[in-house]
Amino acid sequence: MGKLNSSTSLALSSLILRSILDGRRTHSCVHASFSFHFTTFATHPKALFKNSMSVRAKGKQHDSFDSVDDALTLFNKMILKYPRPSVVEFNKLLTAIVKMKHHAIVVSLYNRLELLRVPHNVYSLSILINCFCRLDHVDFGFSVLGKMLKLGIDPDVVTLSTLMNGFCIQSKVAQAVSLFDEMIRKRYQPDLVTYNTILNGLCKTGNTNRAVKLLRMMEERGLQPDIIAYNTVIDCLCKDKRLMEAFDLFSKVKDKGLSPTTTTYTCLIHAMCTLGQPKEAIRFLDEMVANNVAPNVVTYSIVVDAYCKEGMVSEAEHIVDTMIKQGIEPDVVTYSALIDGHCLQNKMNNARRVFELMIKKGCAASIISYNIMINGYCKAKRLNKAMNLFREISQKGQVPDVVTYTTLIQGMCQLGRFFDAHELLRKMCASRQVPNPVTYSVLLDGLCKHGKIKEALKLLQAMQNCGLELDIVHYNSLIDGLCKGGHIKVASELFHGLSIKGLNPDVYTYAIMISGFCKEGLLDEAYQLFRTMGDNDCLPNNCCYNVIIQGFLRNNYTLKAIQLLEEMVDKGFSADSSTAILFVDLMLLQYGRSVIFPNVW
């Protein structure tokens, strides 16, 4: 038989689930093409022990085992007892093993219970479904549903919530929502866990509007969302950069009498920092503390990172001092953000000081920390220091990743050390680290900027031969190198051949070509290309206008440059410093300093 396609699989799943909810009693053993893991039972402990007797093993409660061996010992004792304990007691034991994450063992024990003819109930079978899902065998989980029907056992809200959670984990939100809708139609009463499961799935897949509607539905159905539900939607709104709506929901949380948690505040602080509002984030952090909600290391790390990216490293260090005074130790993320801040300001000695302090505090450097330091040294053209850190990575038992190698290759290319860059690329491949498009782009760009066009063309050809998917960034580097090397004809041919390769030039491609034409004195070609940008759905931006105006000024096409300047201003763009200097020089040449600066001369 052939494999089911996605639409057929979805239709079949919906049909099966509908038949389950319709209460049919036909045996159904279904193999579906989904894999997910389960977390719902951890939040439904009362459901698992509903109507169960309070029976304890001698000397041990079922939820307080020191190891899985203790649990197995108790299981072996239980099956030898006469009369044998009920399925309720076995459920307690199996649940305890699930909490220890030994799901395969639970499946094995379930098989032994099957051989011993221990009767099942909805909870024991739901535990088994949980374990199959955790083991990425959700097809067996659906088979268990068929067994439930054969035994005349109706799945309950917990069982169906498990399936919904699994769909959501695998981004099969459409199936999860379909099952949820069927539950509502069949008058099941979804609880908070069910709603939170769907909300989480919707938000993880970017279905923000649907999540907001579902939150509203909960309120309309008389089920008060908890802070977990609100946090999920607030986080989703923040990730969508819908900060005002997130704050509206935050206000609603307080109006409902719920207490915002650390997670609530952290989501909003992260959104403000992402949108370039670190000072507002700090004020909100102060409000958080004033409301007796304790920030954690994640909260502080977000603010530290935001300040560092804004160049306010001293303020970031003050925040780190504050968190230490409050008894919160910085972690590798906090230190890495601070290291990056110093690197961005080219203060490598300070970066190294923080790096060594991190290790001294017992916080092991991650590969990300090393990559930040290596990038800083490469940007500062201190390649020897970068290579020393590269060798240290292996000595510390870590493995350099693609970013590590790519950063070093870029540093070597910037210094014109292409032989070393090629050797490192070979070492990278030998270490089973596969170069990505960025790696090749860095190498290609380096060759072009150093005028090694033949080598760049050979590399491009090799990339094509290897089946690598080339994008417009790769061609921009090559076209730029050709233009700067005086190979405008070859660059033009490559530019006009982009459409054949299935690529569309972007504004940078046009700016490169316009600059190249102007440099060669081909002003008509430059102007014609500039005017065709709109025809290709690529409107000129500020950069394109400045490039062509500068080209016209340098070639003494003054009137045309002035016309383009007026057009640029009308479109809301402005002259950059290079364009302004060229105009000032032109005016000085024509009118003299005394006319332009009468109060100075």
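Parameters and conventions
Residues numbered from 1 in each chain as written. Predicted model: local features only at pLDDT ≥ 70, side-chain atom pairs only at ≥ 80, totals over all residues. Heavy atoms only, no water. Helix = DSSP H or I, 4+ residues; strand = E, 2+ residues; numbered from the N terminus. Buried < 20%, exposed > 50% of the residue type's maximum accessible area, 1.4 Å probe, protein only. Contact = heavy atoms within 4.5 Å. Areas by Shrake-Rupley, 256 points an atom, 1.4 Å probe, with all protein chains shown as cover. Core = buried A, V, L, I, M, F, W, Y, C linked by side-chain atoms within 4.5 Å. Axes fitted to C-alpha atoms, helices over the stretch in contact; angles between N-to-C directions. Parallel < 35°, antiparallel > 145°, perpendicular 65-115°, else oblique. Left-handed = near helix turned anticlockwise from the far one by under 90°. Polar contact = N/O pair within 3.5 Å; in protein donor to acceptor, adjacent residues only side chain to side chain. Salt bridge = Lys/Arg side-chain N within 4 Å of Asp/Glu carboxyl O. Phe/Tyr/Trp six-rings, centres within 6.5 Å; stacked < 30°, edge-to-face > 60°. pLDDT = per-residue confidence, 0-100. Disulfide = S-S within 2.5 Å. Expected span 1.5 Å × (residues − 1).

Asker: Provide a residue-level description of the overall build of the chain, including the pertinent values.
Answerer: Summing up its helical and strand segments, the chain has 33 helices and 0 strands in all. The buried share among the 601 residues of the chain stands at 48%. Taking the intrachain contacts of the chain between residues at least 6 apart in sequence as the baseline, contacts between residues at least 24 apart amount to 62%. Only carbon and sulfur atoms are counted for the fraction: they give 53% of the accessible area of the chain, which is about 31,100 Å².

Asker: Could you give an account of the nonpolar core, naming the residues involved and the relevant values?
Answerer: Core analysis: the biggest nonpolar cluster contains 186 residues, and Ile234, Ile269, Ile339, Leu408, Ile479, Met513 and Ile514 have the highest contact counts within it. Per-element accounting of this core gives the leading share, 9 residues, to helix α6 (residues 122-134). Non-local contacts of Ile234, meaning those with residues more than four positions away in its chain, are made with Ala246, Leu249, Phe250, Val253, Thr264, Cys267 and Leu268.

Asker: An account of the packing of helix α11 (residues 208-220) against helix α12 (residues 227-239) is needed here, citing residue identities and associated values.
Answerer: Running from N to C, α11 and α12 point in directions that differ by 155°, and their axes come no closer than 10 Å. When the axes of α11 and α12 are compared, the pair comes out roughly antiparallel. Between α11 and α12 the crossing geometry is left-handed. Contacts between α11 and α12 pair Thr208, Ala211, Val212, Leu215 and Glu219 from the former with Ala229, Tyr230, Val233, Cys236 and Leu237 from the latter.

Asker: I'd love a proper account of the environment of Tyr230, names of residues and values included.
Answerer: With respect to the element layout, Tyr230 can be found in helix α12. The sequence separation of Tyr230 and Ala246 amounts to 16 residues, and the corresponding C-alpha distance is 9.6 Å.

Asker: Now, about the side chain of Thr404: what can you tell me, with residues and values included?
Answerer: Tracing the sequence through the fold places Thr404 in helix α22 (residues 402-414). Reaching out from Thr404, the side chain makes a polar contact with the side chain of Asp401 at a distance of 2.7 Å.

Asker: Tell me about the pattern of salt bridges, and name the residues and values.
Answerer: Counting across every chain of the model gives 17 salt bridges. Among the salt bridges present, the one from Lys239 reaches Asp235, with a minimum N-O distance of 3.1 Å. Remark: Asp235 and Lys239 occur in helix α12; sequence separation between them is 4 residues, near one turn of the helix. Take Lys239: its relative accessible area is 63%, and that puts it in the exposed class.

Asker: A description of the packing of aromatic side chains should follow, citing residues and the corresponding values.
Answerer: What describes a pair of aromatic rings is the distance from one ring centre to the other and the angle between the planes of the rings. Counted by the stated rule, this structure contains 15 aromatic pairs. A ring pair is formed by Phe247 and Phe284, whose centres lie 5.3 Å apart and whose planes are at 80°; its orientation type is edge-to-face. Linking Phe247 in helix α13 (residues 243-255) with Phe284 in helix α15 (residues 278-290), this pair joins segments that are 37 residues apart in sequence. What makes Phe284 buried here is its relative accessible area of 6%. By way of ring pairs, the aromatic residues Phe247, Phe250, Tyr265 and Phe284 are connected into one cluster.

Asker: An account of the confidence of the model for the chain is requested, with residue identities and associated values reported.
Answerer: Across the chain, pLDDT averages 84, with 87% of residues at or above 70. In the model, residues 1-9 has pLDDT below 50 throughout and makes 4 contacts with residues more than four positions away in sequence or in other chains.

Asker: How would you explain the side chain of Thr197 if you had to name every residue and give the values?
Answerer: With respect to the helices and strands, the residue Thr197 is situated in helix α10 (residues 192-204). Look past the residues within four positions of Thr197 in its chain and what remains in contact with it is Ser161, Met164, Asn165 and Cys168.

Asker: Explain unusual backbone geometry residue by residue, including any values.
Answerer: The residue after Tyr82, namely Pro83, is reached through a cis peptide bond having omega -5°. Among the secondary structure elements, Pro83 is positioned in the loop between α3 (68-80) and α4 (87-99). For Lys381, which is not glycine, the phi dihedral falls at a positive 60°. Even without being a glycine, Asn556 presents a positive backbone phi close to 65°. With respect to the secondary-structure elements, Asn556 resides in the loop between α30 (542-554) and α31 (558-570). By relative accessible area, which is 64% here, Asn556 ends up exposed.

Asker: Lay out the packing of helix α28 (residues 507-519) against helix α29 (residues 523-531) with the relevant residues and their values.
Answerer: One can describe the packing of α28 onto α29 by two numbers: an axis separation of 7 Å at closest approach and a directional angle of 160°. Taken as axis vectors, α28 and α29 run roughly antiparallel relative to one another. The element α28 and its partner α29 pack so that their crossing is left-handed. In this structure, α28 contributes Tyr510, Met513, Ile514, Phe517 and Cys518 to the contact, and α29 contributes Leu523, Glu525, Ala526, Leu529 and Phe530.

Asker: Outline the state of the cysteines, listing residues and values.
Answerer: One pass over the full model with this rule turns up 0 disulfides. With no disulfide partner, Cys538 has as its closest neighbouring cysteine sulfur the one in Cys544, 6.7 Å distant.

Asker: Explain the environment of Met387 to me, and be specific about the residues and the numbers.
Answerer: Locating Met387 in the fold gives a position in helix α21 (residues 383-395). C-alpha of Met387 to C-alpha of Ile374: the two residues are 13 residues apart in sequence and 7.8 Å apart in space. With near-sequence residues (within four places) excluded, Met387 lies in contact with Leu408 and Met412.

Asker: If you had to explain helix α14 (residues 262-274) to someone new, which residues and values would you point to?
Answerer: Taking 1.5 Å per residue as the helical rise, α14 with its 13 residues ought to reach 18 Å, and the 18 Å between its terminal C-alpha atoms agrees with that figure. When α14 is considered as a whole, its buried residues turn out to be Thr264, Tyr265, Thr266, Cys267, Leu268, Ile269, Ala271, Met272 and Cys273. For α14, the secondary structure elements touched by its buried residues are α12, α13, α15 and α16 (297-309). Just downstream of α14 lies Gly276, where phi reads positive at about 75°.

Asker: Would you mind going over the environment of Ile372 in detail, with residue names and values included?
Answerer: As for its position among the elements, Ile372 is in helix α20 (residues 367-379). A C-alpha to C-alpha distance of 9.7 Å links Ile372 and Leu344, two positions 28 residues apart in sequence.

Asker: Please provide a residue-by-residue account of α4, values included.
Answerer: Relative to the 18 Å expected for 13 residues at 1.5 Å per residue, α4 spans 18 Å between its end C-alpha atoms, a close match to the ideal helical length. Burial runs high along α4: 12 of the 13 residues are buried. For α4, the complete set of buried residues consists of Val87, Val88, Glu89, Phe90, Asn91, Lys92, Leu93, Leu94, Thr95, Ala96, Ile97 and Val98. Following α4 by one or two positions, Lys101 has its phi on the positive side, about 65°.

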